[in-house]
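A closer look at the structure
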Amino acid sequence: MDDRLASIDLGSNTFRLSIGRIVRQGGGAQLYTEDRLRELIALAEGLDDHQRIRPATVAQAIEALQRFGERLRGFDPANVRAVATNTFRVARNAAEIIPEAERALGFPIEIISGQEEARLIYLGVIQDLPPSDDRRLVIDIGGGSTEFIIGQRAKPLQLASLQLGCTIWTKQFFPGGRITKARMLRAVVAARSTIEPISRPYRHLGWQQAYGSSGTAKGLLAVLVENGFSQHGITLDGMQRLSAALIQAGRVRLQDWAGLKAERAPVLAGGLAIMMAAFLELGIENMGAGDGALRVGVLHDLLGRDSHHDQRDETVRLVGLRHQVDAQQAEHVRQLALVFFDQLNLDTAQPQGAELRKALGWTAALHEAGLAIARNHYHKHSAYILEHADMPGFSHDDQQLLAFLALGQQGKLAKLRAYAPTRDEWLALCCLRLAVLLLRRREARDALPIHLQAQDQHITLTVPEGWLEDHPLSCFLLKGETDIWRKAGFTLELAEQPSASD
């Protein structure tokens, strides 16, 4: 099993095992998640008044590690890393527990420092983010501690691990699950006081993008968005509205909140108070959710990979090889789609525009991946692959965008409404559809004398005079496109450009 790596994250709320498979090809290496196990242990909640983990919680933890150990039998110890976090750092009986835990797991367990935990969290989060020279703030609210990291590319620049977590904060400030205005205020003020010592250096260094990792951030984002408190990302206004609603209700009831998972409900109030405090103290305006986490960072730390390149390019190449994509045709489609995209003059100076252009190129490179399954409805198979395949470096949102483009490359557009695409995403899809249509003969063509423009919902495709008459199949297909786009709320006009002699 030398091509397998395993990470074990013994967190304050949850134990997680992740197994990654190394694929080496062409001098590069990719890590594909092969298996995951997860056990809700709630170690932090199991601490007694003397900061000792209670025997019942220890027994639960040992049983979980025995199950993990069975899954890891046969693994080279050099390929396994088990890390224990804040609760083991503060538990006075940790030294007594660790030997028994190691016997159950079958591998050494390392109680890592808060700084090391922060470093590994950052390494895990950036694996699923597009490469950027921007500085990024990552906040990971765990059960017993919260990590704050500012980094640039693969390098963390500022690391801190503070003693505040959703489990201990809920236990301390919301006993019995009761939420009042006074309790919420005390919880936020106490969290701000804990964060305040790092506020000045973090604000001074600054960042351009903020991400929250771990279950707290993802849980908050789901509740805020699905209950209409926020349209995009985590915002202070959205959290304050959620806080007011929780205070009015008096407690967290699972059935009251769309998007709230059962395991998150007991610690929602504490996590919310900490996140609001972070926004207030550090001046955060908006935060997205990072898909990576500590366990991902541990795997990539084991791999020792260099993250200075966009690993998604390598992933796309390997997916193409796996599904036997016609590389020459894919490259022709990719080049033409990007020519059309550039003609539209969309704002690629901003990260969102640049990422959309990349997504178009990646989808074009894999638009025929579904042919490996069946010719009929291959675009549906391609979309399924791009949305559900294990694609290192791609976040869930990345893969949904690729799936939208792949699914929409042919056929009617009504099926795409569920993706709620933006105008620019519709236009990117138009570029891909036109490229696929015009290269249907699967022959290399010189630069096509065609120009694409868009203003509001009106798209114009300009061709030289007589071109449509000389290309009857393309003419027939393009006229069909005009009907398809009209039903989607756009107008697609075919215009002929008179020759210079006229």
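Scroll up to find the structure.
These numbers come from a predicted model, not from an experiment.

Estimated volume of the second largest pocket: approximately 410 Å³. Considering the residues around the second largest pocket, the lining is formed by 17 residues, among which Tyr378, Gln410, Val436, Leu437 and Arg440 are closest to the centre. Residue composition of the lining of the second largest pocket, grouped by class: 6 nonpolar, 5 polar and 6 charged.

This part takes up the pairing of strand β1 (residues 4–10). Successive residues of a regular strand alternate their side chains across the two faces of the sheet. With 7 of 7 residues buried, β1 is to be regarded as a mostly interior element. A two-sided burial pattern is seen for β1, the buried positions comprising Arg4, Ala6, Ile8 and Leu10 on one face and Leu5, Ser7 and Asp9 on the other. Sheet topology note: the β1/strand β2 (residues 14–25) ladder contains 7 bridges and is antiparallel. Bridge assignment links Leu5 to a residue of β2, and that residue is Gly20. In this antiparallel pair of consecutive strands, β1 and β2, the connection spans 3 residues. Taken together, the 5 bridges between β1 and strand β4 (residues 80–84) define a ladder with parallel strand orientation. Bridging from a neighbouring strand, Ser7 pairs with Arg81 of β4.

Moving on to the sheet that holds strand β3 (residues 28–40). What the 5 strands build is an open sheet, ordered β3-β2-β1-β4-β5; its pairing is mixed. Only two strands of the sheet have a single partner each, and these edge strands are β3 and β5 (109–111). The mean inter-strand angle of the sheet, taken between neighbouring strand axes irrespective of direction, is 20°. Examined bridge by bridge, β4 and β5 share 3 bridges and lie parallel to one another. From the neighbouring strand, Ala82 faces β5, where its bridge partner is Ile109.

How each quantity is defined
- Residues numbered from 1 in each chain as written.
- Predicted model: local features only at pLDDT ≥ 70, side-chain atom pairs only at ≥ 80, totals over all residues.
- Heavy atoms only, no water.
- 1 Å grid on protein atoms, 1.4 Å probe; cavity = no way out; pocket = protein on both sides within 12 Å on 5 of 7 lines; lining within 4 Å.
- Points joined across faces, edges and corners; volume = space filled by probe spheres on them.
- Nonpolar A, V, L, I, M, F, W, Y, C, P; charged D, E, K, R; others polar.
- Buried < 20%, exposed > 50% of the residue type's maximum accessible area, 1.4 Å probe, protein only.
- Helix = DSSP H or I, 4+ residues; strand = E, 2+ residues; numbered from the N terminus.
- Pairing = 2+ DSSP bridges.
- Axes fitted to C-alpha atoms, helices over the stretch in contact; angles between N-to-C directions.

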